[in-house]
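Notes for the structure review
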Amino acid sequence: MSLINICTAAILLFAAPVLAQDFNTPNDRLEPGVVYQSEKIVNFNDWMRASPEEGALLNRYPGFVQQKTKKAVLEDGSNEYVIRMYVSRNKFIVNKPANQITFNHILNLQAIKAAEPAFVDHKVITTAQVVSEDPAKAEKWGYINDPARKWCSGNVLCVQMRFNFSIIVRGVIAGYNLKKTSDSEPHQGHVDMQLEASTMTPAHLTGQNGEILKRVTGIPTPAQAGVIQTTFYASDYFEYGKVVTVVQDNPTRPGTSIVTAIYAIGLKDKMIKKMEAMSPIRINDIISGTSIIRGSRGPEKGFGPYTRDLTKTLMMTLK
């Protein structure tokens, strides 16, 4: 959903081993070739209250909120469709100053395909092809629209792609009836996604926004460049995904820089509750990659390993 984003197969095979260490490791102790990561699972509203700057930075669009239900209340007494957020903060060191690093090389269709090899059917799309712009689908998907601007407008790259679940995962989902379908509607064995990616403008990097980036990354130097990737549409299971990546000079080691990539993956809480009630599958296991529905590629391998792999790929391209 990604989460943005943020080519690979050959690089991963021949790259030096990358270990996962604590994201909160002090900047003066960061070592080259290591991804430093922290993870958390939190309900969307709790996230916005506890981490308002991080939440605003990684929201689907400014001001997006959980949707009210058409019913008075859901089974749990809520009147909103709750979103469960997986948030992964990752950073690594690069042996060159931040002003020598750009992200333009990853903002094209071939780079997206290489960074997301588990996905298929990649194609560049325009605003007219955004699912919520289809009059037949606007009632269901209109809530994903940013009131301030249309998706895929302006100087951005927009891509549509599909993730096909593996045979094992499809079997488990169907076997536990985790996806409600009618007799005439076969189980959907894939997720279609649409994403928008762009480099950060000076307005993102300076002034109040620049100060927010410093606080969210925990690095006191100005952000020199960055990328925003928003998976604004996912046909099922996921609510949305977003990746924000920035590069800043390393304040403790002149001539080097620190790249921070923060991933937010929103999951439909109603699906999680159904899954946990009807099967032995637990969301924490899915995230860690120890679930019975884990696969060997993409998000199926676990959100933690998946976001580390994306970060590792990015690190290799910036060496």
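These numbers were taken from a predicted model, which means no experiment stands behind them.

**Observations regarding the environment of Asp121**
- Here Asp121 is to be found in strand β4 (residues 119-124).
- Taking C-alpha positions, Asp121 is 9.8 Å from Val159, a pair spaced 38 residues apart along the chain.
- In this view, Asp121 contacts Gln160, Met161 and Arg162; residues no more than four positions away in its chain are not counted.

**Observations concerning helix α8 (residues 207-217)**
- Within the sequence span of α8, burial applies to Gly210, Ile212, Leu213, Val216 and Thr217. Axial view of α8: buried residues confined to an arc of 155°, hence all on one face.
- The secondary structure elements touched by the buried residues of α8 are α3 (52-57), β3 (83-94), α7 (202-205), β7 (223-234), β8 (238-249) and β9 (257-268).

**Some remarks on the layout of surface pockets**
- Taken as a whole, the second largest pocket holds about 600 Å³ of empty space.
- Tallied by class, the residues present in the lining of the second largest pocket amount to 12 nonpolar, 7 polar and 6 charged.

**Let's talk about the side chain of Ser257**
- Examined against the element boundaries, Ser257 turns out to sit in strand β9.
- Accessibility expressed as a relative area gives 0% for Ser257, which makes it buried.
- A distance of 2.9 Å separates a polar side-chain atom of Ser257 from the backbone oxygen of Lys96.
- Apart from residues lying up to four places away in sequence, Ser257 is in contact with Phe92, Ile93, Val94, Lys96, Pro97, Ala98, Ile101, Val247, Gln248, Asp249 and Asn250.

**Topic: the environment of Thr25**
- Tracing the backbone through its elements, the reader meets Thr25 in the loop between β1 (20-22) and β2 (35-43).
- Residue class for Thr25 comes out buried when judged on its relative accessible area of 16%.
- It is 7.5 Å that separates the C-alpha atoms of Thr25 and Tyr36, two residues lying 11 residues apart in sequence.
- Residues contacting Thr25, with those up to four places away along its chain left out, are Leu30, Tyr36 and Lys91.

**Looking at the packing of aromatic side chains**
- Within the structure shown, the criterion is met by 12 aromatic pairs.
- An angle of 75° between the planes, with centres 5.5 Å apart, marks the rings of Tyr61 and Phe64 as edge-to-face.
- Using a relative accessible area of 9% as the deciding quantity, one classes Tyr61 as buried.
- Here the aromatic rings of Trp141 and Tyr233 are separated by 4.8 Å at their centres, their planes lie at 85°, and the arrangement is edge-to-face. Pair noted here: Trp141 is in helix α5 (residues 138-141) and Tyr233 is in strand β7, with a separation of 92 residues, a long-range link.
- Its relative accessible area of 10% is what places Tyr233 among the buried residues.
- Aromatic rings pair up to connect Phe44, Trp47, Tyr61, Phe64 and Tyr240 into one cluster.
- Looking at Lys91, its charged tip hangs above the ring of Phe23, at a distance of 4.8 Å from the centre.

So, how was this worked out
- Residues numbered from 1 in each chain as written.
- Predicted model: local features only at pLDDT ≥ 70, side-chain atom pairs only at ≥ 80, totals over all residues.
- Heavy atoms only, no water.
- Helix = DSSP H or I, 4+ residues; strand = E, 2+ residues; numbered from the N terminus.
- Contact = heavy atoms within 4.5 Å.
- Buried < 20%, exposed > 50% of the residue type's maximum accessible area, 1.4 Å probe, protein only.
- Arc of directions from axis to C-beta.
- 1 Å grid on protein atoms, 1.4 Å probe; cavity = no way out; pocket = protein on both sides within 12 Å on 5 of 7 lines; lining within 4 Å.
- Points joined across faces, edges and corners; volume = space filled by probe spheres on them.
- Nonpolar A, V, L, I, M, F, W, Y, C, P; charged D, E, K, R; others polar.
- Polar contact = N/O pair within 3.5 Å; in protein donor to acceptor, adjacent residues only side chain to side chain.
- Phe/Tyr/Trp six-rings, centres within 6.5 Å; stacked < 30°, edge-to-face > 60°.
- Lys NZ or Arg CZ within 6 Å of the ring centre and 35° of its normal.

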